[in-house]
Amino acid sequence: MKLIKTKNYEEMSQKAANVVSSVVTLKPDCVLGLATGDTPVGMYRILAERNKKGDLDFKNIKTVNLDEYVGLSAEHPQSYQYFMNQNLYSKVNLSSNNTHIPDGLAKDPEQECKRYEELIYSLGGIELLVLGIGNNGHIAFNEPDDSFPKETHVVKLTEDTRRVNGRFFDSLDEVPYYAISMGMKSIMSARAIMLLASGEVKKKILYESIYGPITPMVPASVLQLHPNLLVITDQ
Ligand code: F6R
């Protein structure tokens, strides 16, 4: 594992954007695994600026996102599809055929998980996977549990996660109860992983995840086993 400590959120975002930029430059047709949430917003902004200036080309890049809420359409402002449209897809020259997110409205969510898992492998696997971390140690929507879910699956969100994510919704009642999430096998199969964590609120769980025991009760702790893990955090 390599750990980079930065002064603040902006520097973390710059460093993260540098890593993505070098992968995109060296492998211009690779697959990036992407996260939503507050943490990567600054990184996406910087990537969009570089693309606009002509310094970074996403024309042949493919993206697969980690997760999506079950029951929210792409037009719903809290769906992860909407988030990605706003923060990245509409700002860079990614082709719409090349961006992938689980379909939250799929009639058969279990079948959608299977389709998504196969899609990741048919694209050739993930070159670089960008992760954030939940306050409870979740990565994607792999919540603390007795075992590590392996492949893309339907997950029941914990009340903690619903409450934390409820900050984006008008009321807690509107927060979905289920999501589709990549599993640990899908995540750990990425050739490189970059975990981003910002702010005091993530300090304890980040420490436990990268230095504590490896346990499904702290899902991010499994990342300690990844041979090519980069953690970027702010002071
Ligand atoms: C989002 C995702 C989640 C977030 C995590 C942290 O696609 O998979 O695991 O990365 O909940 O969210 P923020 O960045 O909002 O603190």
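Residues numbered from 1 in each chain as written. Predicted model: local features only at pLDDT ≥ 70, side-chain atom pairs only at ≥ 80, totals over all residues. Heavy atoms only, no water.

Student: For this particular structure, what's the right way to read the pattern of salt bridges?
Tutor: Between side chains of opposite charge, a pair can form when the charged atoms approach closely. Scanning the model with the defined rule gives 14 salt bridges in all. Of the charged contacts, one joins Arg191 and Glu127 as a salt bridge, the two residues approaching to 2.9 Å between their closest N and O atoms. With Arg191 in the loop between α6 (184-188) and β9 (192-197) and Glu127 in the loop between α4 (109-122) and β6 (128-131), this residue pair connects regions lying 64 residues apart in the sequence. Taking relative accessible area as the criterion, Arg191 reaches 41% and is therefore assigned partly exposed. By relative accessible area, Glu127 is classed as buried at 12%. Salt-bridge contacts for Lys203 lead to Glu200; the nearest nitrogen and oxygen are separated by 4.0 Å. (Salt bridge = Lys/Arg side-chain N within 4 Å of Asp/Glu carboxyl O. Helix = DSSP H or I, 4+ residues; strand = E, 2+ residues; numbered from the N terminus. Buried < 20%, exposed > 50% of the residue type's maximum accessible area, 1.4 Å probe, protein only.)

Student: What is the right way to read unusual backbone geometry from this model?
Tutor: What is expected of a backbone is that most residues other than glycine have negative phi and most peptide bonds are trans. Notably, Ala140 is not glycine yet its phi reads approximately 50°, a positive angle. Mapping Ala140 onto the fold places it in the loop between β6 and β7 (153-156).

Student: For this particular structure, what's the right way to read the environment of Pro144?
Tutor: Locating Pro144 in the fold gives a position in the loop between β6 and β7. For the pair Pro144 and Lys62, spaced 82 residues apart in sequence, the C-alpha to C-alpha distance is 30 Å. If we ignore the near neighbours within four places in the chain, the residues touching Pro144 are Asn136, Pro216, Met217 and Pro219. (Contact = heavy atoms within 4.5 Å.)

Student: Explain the packing of aromatic side chains here, please?
Tutor: How two aromatic rings sit relative to each other is given by the distance of their centres and the angle of their planes. The final tally for this structure, using the stated rule, is six aromatic pairs. Judged by centre distance (6.4 Å) and plane angle (70°), the rings of Tyr44 and Phe83 are edge-to-face. Of the two residues, Tyr44 sits in helix α2 (residues 41-53) while Phe83 sits in helix α3 (residues 80-87), which places them 39 residues apart along the sequence. Since its relative accessible area comes to 0%, Tyr44 is described here as buried. Ring geometry for Tyr80 and Phe141: centres 6.0 Å apart, planes at 15°, overall stacked. Highlighted residues: Tyr80 in helix α3 and Phe141 in the loop between β6 and β7, separated in sequence by 61 residues. Here the two residues Tyr80 and Phe141 agree in accessibility, since each one is buried. These aromatic residues form a ring-pair network of at least three members: Tyr69, Tyr80, Phe141 and Phe169. Over the face of the ring belonging to Tyr178 we find Lys156, whose NZ or CZ atom lies 5.8 Å from the ring centre. Sitting above the plane of the Tyr177 ring, Arg162 keeps its charged end 3.8 Å from the centroid. (Phe/Tyr/Trp six-rings, centres within 6.5 Å; stacked < 30°, edge-to-face > 60°. Lys NZ or Arg CZ within 6 Å of the ring centre and 35° of its normal.)

Student: For this particular structure, what's the right way to read the site of the ligand?
Tutor: Around the ligand, the structure places 14 residues, and the nearest of them are Thr39, Asp67, His138, Ala140 and Lys202. Taking Thr39, its side chain carries an N or O atom lying 2.4 Å from an oxygen atom of the ligand. Here Ala140 contributes a backbone N or O atom positioned 2.7 Å from an oxygen atom of the ligand. Considering only residue class, the shell around the ligand consists of four nonpolar, six polar and four charged. (Near = heavy atom within 4 Å. Polar contact = N/O pair within 3.5 Å; in protein donor to acceptor, adjacent residues only side chain to side chain. Nonpolar A, V, L, I, M, F, W, Y, C, P; charged D, E, K, R; others polar.)

Student: How should the sheet that holds β7 be read in this particular structure?
Tutor: Sheet strands line up and pair through hydrogen bonds in the backbone, either parallel or antiparallel. Strand order in the open sheet formed by three strands is β4-β8-β7, and the pairing between neighbours is antiparallel. Edge positions in the open sheet fall to β4 (67-69) and β7, since each of these has one partner strand only. Within the sheet, the average angular offset between the axes of one strand and its neighbour, ignoring direction, is 25°. The pairing of β4 with strand β8 (residues 178-181) spans three bridges and is antiparallel. Bridging from a neighbouring strand, Tyr69 pairs with Ala179 of β8. With respect to the sheet, α4 is in contact with β7 and β8, its orientation differing from that of β7 by roughly 125°. (Pairing = 2+ DSSP bridges. Axes fitted to C-alpha atoms, helices over the stretch in contact; angles between N-to-C directions.)

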